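Each chain, letter by letter, is given below.
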Amino acid sequence: MASSERSALLTYRLCGGSGEEERGRERGRAAAAAAAPRKLPTFLGVVVPTLLSMFSVVLFLRLGFVVGHAGLYQALAMFAVAYFIIGMTVLSVCAIATNGALDAGGAYYMISRALGPEFGGSIGIMFFLANVCGSALYVLGLVEAVVDSFGIPPGQKAGTGVHVLPQSYWYELLYGTVLLALCLLVCLVGASIYAKATFLIFLIVAGVLGTILVSFFATRPIGVPIRLPRFNGSEIENGSFTGFSLATLRDNLGGGYAVDYTTGQMMSFSSVFAVMFNGCTGIMAGSNMSGDLKRPSYSIPRGTISAVLFTYLVYNLLAFLMCATCNRTLLQKDYGFLRDISIFPPLVTVGIYAATLSAAMSNLIGASRILYALARDDLFGRALALAKKTSASGNPVMAVILSWLVVQLVLFSGKLNTIAGVVTTFFLLVYATVNLACLALEWASAPNFRPTFRYFTWHTCLLGIAGCCVMMFLISPVSASASLGFLLILLLALHYLSPSSTWGYISQALIFHQVRKYLLMLDVRKDHVKFWRPQMLLMVQNPRGSARLIDFVNDLKKSGLYVLGHVELQDLDTLPSDPLQPQQDSWLSLVDKLNVKAFVSLTLAPSVRHGVRQLLFTSGLGGMRPNTLVLGFYDDEAPQDGLARHPAFTSAREEVPLGFPPLRAPATPKLLSPREYVGIVADALKMLRNVLLARQLESLDKAWELRRAASPPPTIHVWPVNLLRPDSARYADTCSLFLLQMACVLNMARAWRRARLRLFLCVEAGAMPHAQEEKLRQLLKDLRIQAQIQLVPWDAVTRAVNFPANTTQVSDEYVCAANKLVLEQSPAPAVRFLYLPRPPADTSLYPLYLHQLELLTRGLGPTVLVHGVSAVTSTQL
């Protein structure tokens, strides 16, 4: 390649990511570039197209219109506002253009690689339409100039001399079609012939501009008859070129808005500004040729800034000369007056034709390059597949033809001033988005955003966005609202329908920046029980056997932190690389498919207990750390592959992710012993973490339980008493209140709102059950928990097994009796919450402790054992 910008070091494309698909596209683009090398230098590729796009209809046919209606002061203010807006945009364009290698597509390529495919694709379509409408506008301006020179005057049936062209809507449409076909032929040949043609036109326009400047000084005062069309014929008014006159200048200083003689509409500041701003919309002409430039990152900033500064000086100079030499009638009612006052009128005519034709070609070829870039990126699928086809030299001929067809449709609007507001709105919207892209890159503070052009700040970007949005609505509130609505529809369509890209999403960088800032502001020293929320760490050995448990815990988190933890039993010292990295994508895909709002945390450890300790210590960040550990229950049941039966996979007819190993066979030893399992529970409690043990949650069919039409609705049973401690029938300790809170949180989840809470109050013989019930009811009222209270005789169970009430250990018979008591409460609930006793201090009793938990929960169905160490309820505001 002739340029270092095509090197492999810059394939990241404006801070974008890189993947296998993108690398394949890069190789294809490199091959295409080799077949059709970039040829255009800065002057021919950027300066000339930009100057010709800005020196077109407005310079030759509408500058007098602007000055005549607005006056010198307001005209200069319009130029200042317009160039302020495009100046801020040019700074943003230069910053993005110098931050990496550019490809075909100009502004679309910049925005899509900076903001992602949704913004890029939607703005690409808007920019395509802006260029299409701009091309139609210049063609209509050229038709207007041709008809003004060679058209049969209104009121005459036959022409005389050179005035031989009939004037009517359909005739003017025919002239526009012929001129557009000429633009099509040039653009079909390719960028090289286009650049040569525009350079020739540039020489002509420069000569005409010089002639016009000389004419203001050389032409003597003259009267100019102006023939105006009327319904019943025509009318002649007299304008005058006074030469330099202080009286003429004074008359033209203020505004004098009148009716536009071509459309019959009353002009105002906003409508005149809309027409004038079309002379400023050519700043992207050079950027649109980025795929054909030798050094786009070098050429675009220098060429665009030079062209913009030059046009600003010329517009202001000509506005002053017109106000000092031409009366208001001539300026307002004769769009072609520059030809009438020129020392060589034919040359001005040729200049008008050449400039407007060049601008039409520039917008047409710019639209085709944008359409080709959109098609090549496959954002719209098959809808733009035809636009991908190119000639042998790399010219996107089908994109040119499709753009020509759309321009032809826009020509049916008929009048230049009619579509001026729409064109201006589209361009302002694109410019606002270019500024937004640069602002987002600057605010994201990504290390790879290092543009070599440094003359911009986030303030310039913000000013550019504000200026574009304000002027959009001042010019045409209807067009601005419709454009924004169309943009929003495109954004949503691309967000849900377009394939994922590897360009990199600026939203991710901005989210990271903001999350880091707010995490630093999240001070754990300011935590308060009123704002407590569960933050879960769910340990998962194999997601194939835990799909419904993962979904259930997602309902329990109540907008809190949710982390899926996994321990891999390996030693990194004996491995060539980290084995967890290849698994990360499978876990993240699982989270997406199950539609749970969870993070994934994987670790290597010599044992499961050590791994859980690591995750409890290290998971989370700042004030967002897990406060609750969730474990599946340790029993001898054979694991079932719930992932294969989960609706997230069966409904979509997709295979279960292959990144997870098969489930453990029933005869295969477990990875941890009963003693180690209970040790994990003890460790978590020592670290002041709440603990939840979930048993048989894989048998919970939430969809069936919660959607069945049976009455009464499904219930959630809550047992806030330690069933393994018959001497402790209290319900107001920290653990019981935490259990109540978790059941209430589940009931508050959207999927569980139909369920009803049933709270079981265990009463002993000799106690006053009604007093205890009333006390509990008052507690529930204070905690704003709605639940049905049901009294259960407690001493009947203890008498049945003749067990002393003051012991710290219980027999298996007692546990089985407690299990029977729980099981007898009908109707069967969707899920039960039971009190989880603290593990014994004597580690030799761990197996007995786990055995009795298994007896207590045997046959109960979906059950959650809960032990809380956090104060989580509050009765205060």
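Below is a short write-up of the structure. Going along each chain's sequence as written, the residues are numbered from 1 onward. Two thresholds apply to this predicted model, a pLDDT of at least 70 for residue-level local features and 80 or more for giving and counting side-chain atom pairs, whereas whole-chain, interface and lining totals are computed over all residues. Note that water and hydrogens are dropped before the side-chain values are worked out from all heavy atoms of the structure.

## Comments concerning the overall build of the chain
Moving on, step 1. Within the chain one finds 31 helices and twelve strands.
Moving on, step 2. Buried means the residue's accessible area, taken with a 1.4 Å probe over protein chains only, is under 20% of the maximum for its type, while exposed means over 50%, and partly exposed covers the values in between. Evaluated residue by residue, the chain yields a buried proportion of 55% over its 877 residues.
Moving on, step 3. In the chain, of all internal contacts separated by at least 6 residues, the share reaching a separation of at least 24 is 81%.
Moving on, step 4. A total accessible area of about 37900 Å² is found for the chain, and carbon and sulfur atoms account for 61% of it. Runs of E in the DSSP output that reach at least two residues are strands. Runs of H or I that reach at least four are helices, and both are numbered from the N terminus. Between two residues, a contact is recorded if the distance between any of their heavy atoms is within 4.5 Å. Values of accessible area rely on a 1.4 Å probe in the Shrake-Rupley scheme; residue burial ignores everything except the protein chains shown.

## Some words on the environment of Val272
Moving on, step 1. With respect to the secondary-structure elements, Val272 resides in helix H9 (residues 269-277).
Moving on, step 2. By relative accessible area, Val272 is classed as buried at 0%.
Moving on, step 3. In the structure, Val272 is positioned 194 residues away from Met78 in sequence and 9.1 Å away in space, judged by C-alpha atoms.
Moving on, step 4. If we ignore the near neighbours within four places in the chain, the residues touching Val272 are Phe65, Val66, His69, Met78, Tyr257 and Met267.

## Structural notes on the sheet that holds strand S8 (residues 715-719)
Where strands meet in a sheet, backbone hydrogen bonds hold them as pairs that are either parallel or antiparallel.
Moving on, step 1. With mixed pairing, ten strands are arranged side by side in an open sheet as S5-S4-S3-S6-S7-S12-S11-S8-S9-S10. Looking at strand neighbours, the two that pair on one side only are strand S5 (599-605) and strand S10 (788-793), the edges of this open sheet. The average undirected angle you get between the axes of adjacent strands in this sheet is 25 degrees.
Moving on, step 2. Bridging between strand S6 (residues 628-632) and strand S7 (residues 690-695) involves five bridges; their strand directions are parallel. For Val630, the partnering residue across the bridge sits in S7 and is Leu692.
Moving on, step 3. Angles here are taken between N-to-C directions and fall from 0 to 180 degrees, while the axes themselves are lines fitted to C-alpha atoms, restricted in helices to the stretch in contact. With respect to the sheet, helix H21 (residues 581-594) is in contact with strand S4 (562-569) and S5, its orientation differing from that of S5 by roughly 145 degrees. One bridge is not enough; two strands pair if DSSP finds at least two bridges between them.

## Some remarks on helix H18 (residues 477-497)
Given 3.6 residues per helical turn, the α-helix brings residues three or four places apart onto the same face.
Moving on, step 1. Given the number of residues in a helix, its expected span is that number minus one, multiplied by 1.5 Å. For H18, with 21 residues, the first-to-last C-alpha span of 30 Å sits near the 30 Å given by 1.5 Å per residue.
Moving on, step 2. Buried residues of H18: Ser479, Ala480, Ser483, Leu487, Leu490, Leu491 and Leu494, and no others. Taken around the axis of H18, the buried residues stretch over an arc of 110 degrees, which confines them to a single face. Pointing more than 90 degrees away from the buried face of H18 are the exposed residues Val478, Ile489, Tyr496 and Leu497. Within this analysis, the arc is defined by the directions that extend from the helix axis to the C-beta atoms.

## Quick word on the nonpolar core
Moving on, step 1. With 167 residues, the main nonpolar core has Leu59, Phe60, Ile86, Phe216, Leu318, Leu338 and Tyr431 as its most contacted residues.
Moving on, step 2. With 25 residues, helix H3 (residues 57-97) is the largest single contributor of residues to this core.
Moving on, step 3. Ignoring sequence-local partners within four residues, the contact set of Ile86 consists of Met54, Phe277, Cys280, Ile283, Val308 and Tyr431.
Moving on, step 4. Val591, Val630, Leu739 and Ala749 belong to the second-largest nonpolar core, a separate cluster that totals 61 residues. Buried residues of nine kinds, namely Ala, Val, Leu, Ile, Met, Phe, Trp, Tyr and Cys, make up a nonpolar core once their side-chain atoms join them within 4.5 Å.

## Re the packing of helix H2 (residues 42-54) against helix H11 (residues 296-325)
Moving on, step 1. It is at 9 Å that the axes of H2 and H11 come closest, and there the two elements cross at 30 degrees. One way to sum up the angle between H2 and H11 is to call them roughly parallel. Two packed elements cross with a definite hand, and for H2 against H11 that hand is right-handed. Here H2 contributes Thr42, Val46, Val47, Thr50, Leu51 and Met54 to the contact with H11, which in turn contributes Tyr298, Ser299, Ile300, Gly303, Thr304, Ala307, Val308, Phe310, Thr311 and Tyr315.
Moving on, step 2. Side-chain classes are defined by residue name, with Ala, Val, Leu, Ile, Met, Phe, Trp, Tyr, Cys and Pro counting as nonpolar, Asp, Glu, Lys and Arg as charged, and the others, Gly among them, as polar. When grouped by side-chain class, the residues that make up the contact of H2 with H11 number ten nonpolar, six polar and no charged. Every angle not falling under 35 degrees, over 145, or within 65 to 115 is termed oblique; those three ranges are roughly parallel, roughly antiparallel and roughly perpendicular. In this scheme the crossing of two helices becomes right-handed for a clockwise turn of the near helix relative to the far one and left-handed for an anticlockwise turn of less than a right angle.

## A closer look at a nonpolar patch on the surface
Moving on, step 1. Every patch collects residues that have over 30% relative accessible area and no salt bridge, joining them within 9 Å if they carry like charges and within 5 Å if they are nonpolar side chains (Val, Leu, Ile, Met, Phe, Trp, Tyr). Any carboxyl oxygen of Asp or Glu that lies within 4 Å of a side-chain nitrogen of Lys or Arg is treated as forming a salt bridge with it. On the surface, a nonpolar cluster with roughly 370 Å² of combined accessible area is contributed by Phe43, Phe199, Leu200 and Leu203.
Moving on, step 2. Examining the composition of the nonpolar patch, we find that three residues originate from one element, helix H7 (residues 191-218), more than from any other.
Moving on, step 3. Structurally, Leu200 is set in helix H7.

## Concerning the side chain of Thr219
Moving on, step 1. By the element assignment, Thr219 lies in the loop between H7 and strand S1 (222-230).
Moving on, step 2. Distance and chemistry together define a polar contact, namely a pair of N or O atoms within 3.5 Å, with one atom able to donate a hydrogen and the other to accept it when in protein, and with adjacent residues in sequence counting only for side-chain atoms on both sides. Reaching out from Thr219, the side chain makes a polar contact with the backbone oxygen of Ile341 at a distance of 2.7 Å.
Moving on, step 3. Beyond its immediate stretch of four places on either side in the chain, Thr219 contacts Phe241, Ile341, Ser342 and Ile343.

## A short note on unusual backbone geometry
Trans is the prevailing form of peptide bonds, just as negative phi is the prevailing case for residues other than glycine.
Moving on, step 1. Notably, Lys558 is not glycine yet its phi reads approximately 50 degrees, a positive angle.
Moving on, step 2. Residue position: Lys558 is located in the loop between helix H20 (547-556) and S4.
Moving on, step 3. You can call Lys558 partly exposed: its relative accessible area is 35%.

## Quick notes on the pattern of salt bridges
Moving on, step 1. In total, this model carries nine salt bridges according to the counting rule given.
Moving on, step 2. Between Glu237 and Lys333 there is a salt bridge, and its shortest N-O distance comes to 3.1 Å. A residue pair is termed long-range when its members are at least 10 positions apart, and Glu237 in strand S2 (residues 233-241) and Lys333 in helix H12 (residues 328-333) qualify at 96 residues.
Moving on, step 3. The network of salt bridges with shared partners includes Asp635, Glu637, Arg695, Glu854 and Arg858.

## Some remarks on H2
Moving on, step 1. For H2, built from 13 residues, the straight-helix expectation of 18 Å at 1.5 Å per residue is met to within 8% by its first-to-last C-alpha distance of 17 Å.
Moving on, step 2. By definition, a residue's bend is the angle between the axes fitted to the seven residues ending there and the seven starting there. In the structure, H2 departs most strongly from a straight axis at Val48, where the bend amounts to approximately 25 degrees and where the proline Pro49 lies between one and four residues downstream.
Moving on, step 3. Buried residues dominate H2, accounting for eleven of its 13 residues.
Moving on, step 4. Taken as a whole, H2 has its buried residues at Thr42, Gly45, Val46, Val47, Val48, Pro49, Thr50, Leu51, Leu52, Ser53 and Met54.

By themselves these figures say nothing about function.
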